[in-house]
Amino acid sequence: MQMTRRTWFWSVVLLALLASCERHPLSEKVPEVGGEEEMVQGMTPQGPQAGPLSTEAPRILAPQSVSPVAEPSRSASGSLPPGMKAPRLAAPPASLLSSAAPLSAATTPRILWENTSSGQRVVWPMNGPNWGGESSLLPQVDPAWRIAGSGDFNGDAHADLVWQNLHTGQRVIWFMNDLAYSGQFADLGVVDPAWHIAAVADFNADGQPDLLWTHQSEGHRVIWFMNGTGYSGHAALPQVDPAWEIAGAADFNGDGQTDIVWQHGPSGQRVIWFMNGALFEGQFAALPTVDPSWVIVGVTDFDADGHPDILWQQLSTGWRAIWLMSGAVWNGIGTLLPIVASEWHIAGTLDAPEETILEGWVQISTGLHHTCAVNEAGQAYCWGRNQFGQLGDGTTELRSRPRLVAGGLVWASVTAGHNHTCGVTTAGDGFCWGNGADGRLGNSSTASRPTPQPIAVSGGDTWQILTAGERHTCGMTPDGRAYCWGHNFRGQLGDGTSTNRTTRVLVVDDHTWQVVSAGARHTCGVATTGDTYCWGERDSGRLGNGASGTAAVTRPNLVLGGHKWTHVAARSAHTCGITTSGESYCWGRNNAGQLGDGTTTLRTAPALILNNHVWAELKPGMSNTTCGVAPSGEAYCWGYNLRGQVGDGTTGNKTVPQLVSGGFTWTGPVSGGDEHTCGITNNGVAYCWGRGTYGQLGNGTTTSTNFPTPTRVASPQ
C-alpha cells in the first residue's frame, strides 16, 4: 500500500533521528510532491522541441564541435594531464569520514562525495538506502578536475572513474582496483569545454559503458559509443530546451535498455525518457514535481529490488534523500542521509559492475597482437587484432574482449601464431584460421580464412598438438610423428628443403617426438630419447648447435650440451628448455636479457638461467621476453619490457627472472606475445599484461597505455 506524503514525512524524520544526531529541523526540507502527472512543456510524447509545443518530428542534431576520438592518446611522457599527478592522500574532515575501514569489492552501491574546494573525494558504502557508517578516501586531485561518472571500461569488474576538466576540456579514465587507483589510465583527449559528460551508461547493450555528452547552452546531447576506452561511433539525441538537464541514466522500465532521467531546474519537473538504444521513440514517464532546490545527483538500485532508485541533494540545507522506486514510479518510501559539512557535495554513485569475471579458463596462447584461450567446456575464444580473421569469429573486426570462435567445435587446445591460429579438437581433428599466406593454414590454399578450416590430412591421422609459429605451423600425432607446413625459406619445416608447403610434410630423419614447438623462423623438438633438435634459421644462435648466421638448416640438428630434455619451447629468435635434472637453459638472441643469464650476450649453445629456479613450465615470447612458472605456481618473466610485459610493475628490461606481481598462483605456461603476456591462475581466471593497443589484453580496452601488472580478461563480448 502506498504511503501518504505525511506518513512518509514522519518516517524519514524517525530514520533521520536514529541515524544522526547532527540533523537540522526537517521543516520543508524533504522533496515535496506536486500534483498528478502532467504533460511537461517542451517534452512531448512526440519528442522534445526547443520552442513551443509542436507535432513535428524531433530534429536530430549532430554538433560538429564534438569530434570523435579515434583512439585514446597520452602525452609523450606517459604522465597524467596537469592536476592529475601522483595521488596525494589527505585526511578528510571528521564530519564526513567516520572511519577508514577497507571496503569489500562486493559492497554496492556506493555514494561518491567530492569537496570542490580541496579536491578530496570520499566514498560511502551503503547498506541498502542507509549509510553503513564506513567511508573510504580516494586519491586527492586538483579541484579543477570533476568526476563525471563511473563504469567498468576495462572489463575487470571494477568501476572505473571518468574525470573531466571543465576548464581545459580534457577527459581521463582512471582504472580502479576496487577503491584503489591502479596507476593506469586512458586519456580520452580534449573536447570543447562547452561539452560536459552528463552520464555514463551502456546505451547500445554491448556490455560496455558509453558516454552521454551535453552542450547545455545549446541543448545538444550526443552519445559516444565506446569500445572499452576507444570511441566507436555516436548518436545525437533530439534537441531539448537547454533548461532541461540530464540527471542520470538507468533502466527504469526493465526492458534491458538504458533510460534517461531529465530535470527542469526552474520548475522542479522531472521526466524519464524510455529509450530504445540511442533512440527516443516518444514514450516517457513524468515523476512527481519536487521543489526546484532539490536536485537529482544519482540513480542506482539502493534496495536491491532490481529497480534503480533516485538520490536527491539540497545544497542550501545540506540534506540528501533517497527515493525508492518501483520502475518509473516512486513508491512513497524514502530515507534521509546524515548531514555533512557544506563544502561536500554528492558527485554520483560508484557501483561495482554486475558482470562477473569469467572463470574456467584452462589453456591460453598469445600471438603477435591477439590472444586465444580454451575454457573447461571446450569453447575457444580469441581477442585482439583481427585483420586476417585470426580470431576465428567470421569477421575481421578487432575485439577487445573474448569472442567465441565460430563452428561449434569442442576444443582441447589452441595455438596463436603471428597472424593465424590453430587448434585441436577433443576428437583430435586439426583446424587453422587467419592469414593463409605461404600455406600456413595447411588447407592446400594460401588464402586467409576468418573461420576454422580443417587441415588437409590423409590416412585418418589425428593430432595430439599443433603449434603455430610466425609463418609456419607444425603438429605432432599421438604416435610421435611430426609434420610442418607453411613458410619454409629457412628450412623451418624440417623436410630437407626450403620450399613452402600448403599441406603437411613429415619432418625427416625418423625421430619419434614427445614435444614439438614452432618459433619465428625455426622449429625445435624433444625426441623420445631425451635429445633436443632444432632446425630452420640459425641466426642469433637460436638452434643451439654452436652456429649463427642466416644459413638455412633444413633438417633436425642436435642441440649442444649433452643434456637430456623433458621440454623445449621455440618462439622469437631464442629457445628455452628444461632438462630431466630440472635445470633450465635458454639460447639464441639476448639483446634484452631474454636468456635470463644476467647478460645481454648472444648464446649459440644452452646457457643456464640464473637464480636457481626450478621450472614446471618455460616459454619464450615473441618480443624477446621469456616467462616461467615454478612448481609452487609463482610466475617469473624477464627480458624485453618496454610495454610492461614482464609484469613486475616496471617497464625496464630484465636480465634475470622477475616475479610477476599480484600474488597469484598460476597453472600451465605463461605465454608471451609480441609485447604482451597472458596466463591462467589456479582458480581459472585469465590475466594479461603489457601492451593493449589492439585489444590483445582482453580487458575491454584498446588504450595505448601500458599495463605492467596483470589485468583480468573480461567476460566474452
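Residues numbered from 1 in each chain as written. Predicted model: local features only at pLDDT ≥ 70, side-chain atom pairs only at ≥ 80, totals over all residues. Heavy atoms only, no water.

### Notes on the overall build of the protein chain
Right, so step 1: A count of helices and strands for the protein chain gives 1 helix and 51 strands.
Right, so step 2: The contacts of the protein chain with a sequence gap of at least 6 include a subset with a gap of at least 24, amounting to 50%.
Right, so step 3: Surface exposure of the protein chain reaches about 25700 Å², of which carbon and sulfur atoms provide 50%. (Helix = DSSP H or I, 4+ residues; strand = E, 2+ residues; numbered from the N terminus. Contact = heavy atoms within 4.5 Å. Areas by Shrake-Rupley, 256 points an atom, 1.4 Å probe, with all protein chains shown as cover.)

### Quick look at the confidence of the model for the protein chain
Right, so step 1: For the protein chain, the mean per-residue pLDDT works out to 81, and 83% of the residues sit at or above 70.
Right, so step 2: Low pLDDT (under 50) marks residues 1–107, which in the prediction has 217 contacts with non-local residues, meaning those over four places away or in another chain. (pLDDT = per-residue confidence, 0-100.)

### Describing the sheet that holds strand E22 (residues 329–336)
Right, so step 1: The sheet built from 4 strands is open, its strands ordered E19-E20-E21-E22 with antiparallel pairing. Either end of the sheet is taken by a strand with one partner, and the two such strands are strand E19 (295–300) and E22. In this sheet, neighbouring strand axes are inclined to one another by 25° on average, regardless of whether the strands run parallel or antiparallel.
Right, so step 2: Alignment of strand E20 (residues 309–314) against strand E21 (residues 319–326), held across 5 bridges, turns out to be antiparallel. From the neighbouring strand, Gln-314 faces E21, where its bridge partner is Trp-319. (Pairing = 2+ DSSP bridges. Axes fitted to C-alpha atoms, helices over the stretch in contact; angles between N-to-C directions.)

### Focus: the state of the cysteines
Right, so step 1: In this structure the tally under the stated criterion is 7 disulfides.
Right, so step 2: Shown here is the disulfide that connects Cys-422 with Cys-432, its sulfur atoms set 2.0 Å apart. Here Cys-422 and Cys-432 share a disulfide; its torsion about the S-S bond, 105°, makes the bridge right-handed. Taken as a pair, Cys-422 in strand E29 (residues 420–425) and Cys-432 in strand E30 (residues 430–434) lie far apart in primary sequence, 10 residues in all.
Right, so step 3: Residue Cys-422 is classed as buried on the basis of its relative accessible area, which comes to 0%.
Right, so step 4: A relative accessible area of 0% places Cys-432 in the buried class.
Right, so step 5: Two residues, Cys-524 and Cys-534, share a disulfide whose sulfurs are 2.0 Å apart. One quick way to see it: the torsion about the S-S bond of Cys-524 and Cys-534 is about 110°, and its sign makes the bridge right-handed. (Disulfide = S-S within 2.5 Å. Buried < 20%, exposed > 50% of the residue type's maximum accessible area, 1.4 Å probe, protein only.)

### So, the nonpolar core
Right, so step 1: One finds Leu-211, Trp-224 and Trp-383 to be the most contacted residues of the largest nonpolar core, which totals 30 residues.
Right, so step 2: Looking at this core element by element, the count peaks at 3 residues for strand E13 (residues 220–227).
Right, so step 3: Lining this core are residues from two domains, each supplying at least three of them: domain 1 (111–349) and domain 2 (361–712). (Core = buried A, V, L, I, M, F, W, Y, C linked by side-chain atoms within 4.5 Å. Domains from an automatic or database assignment.)

### A short note on the sheet that holds strand E46 (residues 635–639)
Right, so step 1: A sheet is described by the order of its strands in space; here 4 strands give the open sequence E44-E45-E46-E47, paired in antiparallel fashion. Here the strands that pair on one side only, and so sit at the sheet edges, are strand E44 (617–620) and strand E47 (654–659). Averaged over all neighbouring strand pairs, the angle between strand axes comes to 15°, with direction disregarded.
Right, so step 2: Note that strand E45 (residues 625–629) and E46 share 5 bridges and pair antiparallel. What sits directly across from Thr-626, in E46, is Trp-638.

### Thoughts on the environment of His-574
Right, so step 1: With respect to the element layout, His-574 can be found in strand E41 (residues 574–579).
Right, so step 2: Separated by 54 residues in the primary sequence, His-574 and Ala-520 place their C-alpha atoms 9.0 Å from one another.
Right, so step 3: Among residues more than four places away in sequence, those in contact with His-574 are His-522, Arg-542, Trp-587, Gly-588, Arg-589, Gln-594, Leu-595, Pro-620, Gly-621, Asn-624, Thr-625 and Thr-626.
Right, so step 4: Separated by 2.8 Å, the side chains of His-574 and Thr-626 make a polar contact. (Polar contact = N/O pair within 3.5 Å; in protein donor to acceptor, adjacent residues only side chain to side chain.)

### What to know about the packing of aromatic side chains
Right, so step 1: Counted under the stated rule, the structure contains 27 aromatic pairs.
Right, so step 2: Seen in terms of ring centroids, Trp-615 and Tyr-636 are 5.6 Å apart; in terms of plane orientation they differ by 75°. Their pairing is edge-to-face. Taken together, the residues Trp-615 in the loop between strand E43 (603–608) and E44 and Tyr-636 in strand E46 connect sequence positions 21 residues apart.
Right, so step 3: Both rings, one in Phe-664 and one in Trp-666, keep their centres 5.6 Å apart while their planes meet at 75°; by these two values the pair is edge-to-face.
Right, so step 4: Under the relative-accessibility criterion, Phe-664 is labelled partly exposed at 26%.
Right, so step 5: Of the aromatic side chains, those joined through ring pairs into one cluster are Phe-664, Trp-666, Tyr-687 and Trp-689. (Phe/Tyr/Trp six-rings, centres within 6.5 Å; stacked < 30°, edge-to-face > 60°.)

### Description of the pairing of strand E16 (residues 259–264)
Right, so step 1: Along E16, 6 of the 6 residues are buried, which leaves the element largely enclosed by surrounding structure.
Right, so step 2: Side chains Asp-259, Val-261 and Gln-263 project from E16 onto one buried face, and the interleaved Ile-260, Trp-262 and His-264 project onto a second face that is buried too.
Right, so step 3: Sheet analysis places strand E15 (residues 244–250) next to E16, joined by 6 bridges and oriented antiparallel. Bridge assignment links Trp-244 to a residue of E16, and that residue is His-264.
Right, so step 4: For E16 and strand E17 (residues 269–276), the ladder comprises 5 bridges, and the chain directions are antiparallel. Its bridge partner lying in E17, Val-261 is registered against Ile-272.
Right, so step 5: In this structure, the hairpin formed by E16 and E17 is closed by a connection of 4 residues, where Gly-268 is found at a positive phi of approximately 85°.

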